[in-house]
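Reading the structure
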Amino acid sequence: MRFDTLTVHFAQDPDPTTGSLTTPLVATSTFVQEEPGVHRGFDYARSNHPTRRTLETVLAALEETEHCAVFASGLAAEQAILQAFLRPGDRVLTGRDVYGGTFRLLEKVWRPLGVVAESVDYADPAARASALKTPARIVWIESPTNPRLDVVDLAAVAAEARAAGALVVVDNTFASPVNQRPFRLGADLVVHSATKYLAGHSDLIQGAVMAKDAETFAPIKFLQNATGATPSAFDCWLTLRGLKTLGLRVARHNSNAQAVAECLVRRPEVFRVRYPGLASDPGHAIAKTQMRGFGGVVSVELVATPEETRAFVSERRYFKLAESLGGVKSLVAYPAAMTHASIPAEERRARGLSDTLVRLSCGVEDPEDLIEDLQEGLSQLTSSKPSAGRLETATADTRAAASDTKTTSSGR
Ligand SMILES: *Cc1c(COP(=O)(O)O)cnc(C)c1O
């Protein structure tokens, strides 16, 4: 069964008792037993649940494995991985541009428990080698990253991490299994915020952990029941419904983001565009080898003041100002004041998160409408206009950024 058939049919035969074409939404907390211990595989809904199990079976197949557990959020899924494999004294490596919630979980929850997280520039082979000289229990990788959209060479980092005895975890939220399959590239565990592309409609919070084999999966499955951060049957049902159009949606997210990125690079009001699908992007060469599509998120640095940037993100017609991504409706976020506001301004700048950086999550609308919406906003930016005397610098910098991968990947 191929991917787009899997999402519709796999583990989703009509219900044998009623003939229901769709997977029943089973609303129950418990299951009647014939005799003590004699039941049909379900005893209590936290431990195992039929709607949830169908979702886990489908999600496992999409990442080309047999082992998946879903959780009440992406962060609950991450927590299960950390709890399963970390003990006091252990060390975790992350990329420089890790999801804010992951950073907070490691710093505020795990550091006090004696686990040290260290951020490494995965793009730099020397930095990787030096970080892996000291034993690390987990090497945690996101690619593309949030919000800079750096692309990490998954096969290279995974191979080195494994050779050093670390467990390789890939957060595949931004790419989705349509665009990237981390197990093929050496991952031991894959984690998703199903809130984003998998469910796809911005109507629920959910997470998933996939493991490459039964042994790696066992402690995850145990913790799903033992700590109980399980999603509701309704949310599992909604994700199953959303998954049926995953291939269609992500294809459109990809093409809309490509169209938006290609429009933005030509605009004088834009200082820099990051999108792995642009031939000029520093991540493009690696992305081409490990991704089938480049995702729906585009990040843009405007030639604007922070105030103008705030107005730009607040006044869009279709790009609604909200955190999150991966839904059918386009969203715009302003990391400096939203997702990454908790990071001190100094450190934000050091990490390449400028105060004019805007993150676009391109939905599935007509690309012309999305482009018009952005062009209208750009034409209202006055800092970039010749009268403000900054046009020449801006276009020259943008061109330099596009032609010099060293400049672009270092960020500013
Ligand atoms: C949103 C997100 C998470 C966290 O998922 P929640 O469902 O919000 O708990 C983790 N990683 C990435 C890359 C995300 O975008």
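Reading the values: the criteria
- All residue numbers refer to position in the chain's written sequence, counted from 1.
- It should be noted that, the model being predicted, local features are given only for residues of pLDDT at least 70 and side-chain atom pairs only at 80 or more, the latter also being counted only at that level, while totals for whole chains, interfaces and linings use all residues.
- In computing side-chain properties, one takes all heavy atoms of the structure into account and sets aside hydrogens as well as water.
- Secondary structure follows DSSP: runs of H or I at least 4 residues long count as helices, runs of E at least 2 residues long count as strands, and numbering of each begins at the N terminus.
- Contacts are residue-level and defined by heavy atoms, with any inter-residue pair within 4.5 Å sufficient.
- When DSSP finds two or more bridges between two strands, those strands count as paired.
- Fitted lines through C-alpha atoms serve as axes, helices being fitted only where they are in contact, and the angles separating the N-to-C directions of these axes extend from 0 to 180 degrees.
- One less than the residue count of a helix, multiplied by 1.5 Å, gives the span that helix is expected to have.
- Relative accessibility under 20% of the residue-type maximum defines a buried residue, over 50% an exposed one, and the middle range a partly exposed one, all with a 1.4 Å probe and only protein chains included.
- Arc definition: directions from the helix axis to the C-beta atoms.
- The definition of a polar contact used here is a pair of N or O atoms within 3.5 Å, where within protein one atom must be able to donate a hydrogen and the other to accept one, and adjacent residues in sequence count solely through side-chain atom pairs.
- Only rings of Phe, Tyr and Trp enter the pairing, Trp through its six-membered ring, and a pair is recorded when the two centres are within 6.5 Å. The plane angle decides the type: under 30 degrees is stacked, over 60 is edge-to-face, the rest tilted.
- Definitions for this section: a left-handed crossing has its near helix turned counterclockwise from the far helix by less than a right angle. A right-handed crossing has that turn clockwise.
- In this count, Pro and Cys sit with the nonpolar residues alongside Ala, Val, Leu, Ile, Met, Phe, Trp and Tyr, while Asp, Glu, Lys and Arg are called charged and the others, Gly among them, polar.
- A score from 0 to 100, pLDDT tells how confident the predictor is in each residue.
- Note on handedness: a crossover is taken as right-handed if, strands pointing away from the viewer, the path from the first strand over the helix to the second is clockwise.
- What makes a residue near a molecule or strand is one non-hydrogen atom of that residue sitting within 4 Å of it.
- Note that accessible areas follow from Shrake-Rupley with a 1.4 Å probe, and for residues the cover is restricted to the protein chains shown.

1. Here's the deal with the environment of L374
Inspection of the secondary structure assignment puts L374 in helix α14 (residues 367–379). The sequence separation of L374 and Y318 amounts to 56 residues, and the corresponding C-alpha distance is 9.0 Å. Those residues in contact with L374 that lie beyond four places of it in its chain are V260, L264, F312, R316, F319 and L360.

2. Topic: unusual backbone geometry
That bond from S143 to P144 is cis: its omega, -10°, falls within 30 degrees of zero. Here P144 lies in the loop between β4 (138–142) and α6 (154–163). For the bond running from N146 to P147, omega is 0°, close enough to zero to count as cis. Summarising the element assignment, P147 is placed in the loop between β4 and α6. Positive phi is not limited to glycine here, since S176 has a value of about 70°.

3. Observations concerning the sheet that holds strand β11 (residues 331–333)
Within the open sheet, the five strands sit side by side as β8-β9-β12-β11-β10. Their pairing is mixed. Edge positions in the sheet fall to β8 (270–274) and β10 (320–321), since each of these pairs with one other strand and no more. Judged from the four bridges that link them, β8 and strand β9 (residues 297–302) form a sheet pairing that is antiparallel. From the neighbouring strand, R274 faces β9, where its bridge partner is S299. The strands that helix α10 (residues 246–264) touches are β8, β9 and β12 (357–361); relative to β9, the one it contacts most, it runs at about 15°.

4. Structural notes on α14
Along its 13 residues, α14 runs 18 Å from first to last C-alpha, staying within 8% of the 18 Å computed at 1.5 Å per residue. Burial in α14 covers these residues: L370, I371, D373, L374, G377 and L378. Seen along its axis, α14 keeps its buried residues to an arc of 160°; they face one direction. Buried residues belonging to α14 abut α10, β8, β9, α12 (306–314) and β12. Two or three places before E368, at the start of α14, stands the capping residue D366, its side-chain oxygen 2.8 Å from that residue's backbone nitrogen.

5. Regarding the packing of aromatic side chains
Counted according to the given criterion, the structure contains two aromatic pairs. With a centroid separation of 5.4 Å and an interplanar angle of 35°, the aromatic rings of F31 and F42 are classed as tilted. With F31 in the loop between α1 (3–9) and α2 (50–62) and F42 in the loop between α1 and α2, this residue pair connects regions lying eleven residues apart in the sequence. Residues F31 and F42 agree in their burial class; the two are buried. Ring centres of F234 and W237 lie 6.3 Å apart, and the angle between their planes is 15°; this geometry places the pair in the stacked category.

6. Some details on the packing of α2 against helix α9 (residues 233–243)
At their nearest, the axes of α2 and α9 sit 8 Å apart, and the two run at 35° to each other. Here α2 runs over α9; the crossing is left-handed. On the side of α2, the interface is formed by T51, R52, T54, L55, V58, L59 and L62, while α9 contributes A233, C236, W237, T239, L240 and L243. Residue composition of the contact of α2 with α9, by class: nine nonpolar, three polar and one charged.

7. A look at the sheet that holds strand β1 (residues 67–71)
With mixed pairing, seven strands are arranged side by side in an open sheet as β1-β7-β6-β5-β4-β2-β3. Only two strands of the sheet have a single neighbouring strand rather than two, namely β1 and β3 (116–119). Taken over all neighbouring pairs, the strand axes of this sheet differ in orientation by 20° on average, direction set aside.

8. A few points about the confidence of the model for the protein chain
Interpretation of the predicted coordinates at a detailed level should be avoided for regions scoring low in pLDDT. Per-residue pLDDT for the protein chain averages 92, and the proportion of residues at 70 or more is 93%. Mean pLDDT in the protein chain bottoms out at helix α16 (residues 405–410), which sits at 33, and peaks at strand β7 (residues 207–211), which reaches 99.

9. What about the side chain of T65?
You can see T65 is positioned in the loop between α2 and β1. A relative accessible area of 12% means that T65 is categorised as buried. Of the polar contacts made by the side chain of T65, one reaches the backbone nitrogen of H67; its length is 3.4 Å. A distance of 2.7 Å separates the side chain of T65 from the backbone oxygen of A211, its partner in a polar contact. Excluding anything up to four places from it in sequence, T65 contacts A60, F183, M210, A211 and K212.

10. Things to note about the pairing of strand β5 (residues 167–171)
A large share of β5 lies buried, amounting to five of its five residues. Burial along β5 is two-sided: the residues L167, V169 and D171 and V168 and V170 are all buried. Where β4 and β5 come together, five bridges link them in parallel fashion. Residue V139 lies in a different strand from β5, and its bridge partner there is V168. A crossover connection joins β4 to the parallel β5 through α6; in handedness this β-α-β unit is right-handed.

11. Overview of the site of the ligand
Taken together, the neighbourhood of the ligand is formed by 13 residues, with G74, D171, S193, T195 and K196 sitting nearest. Taking G74, its main chain carries an N or O atom lying 2.9 Å from an oxygen atom of the ligand. With respect to the ligand, the side chain of T195 contributes an N or O atom lying 2.7 Å from an oxygen atom. Within the complex, 93% of the 390 Å² of free accessible area of the ligand lies under protein. In terms of residue count, the dominant contributor to the shell around the ligand is helix α3 (residues 74–85) (three residues). Among the residues forming the shell around the ligand, the class breakdown is four nonpolar, six polar and three charged.

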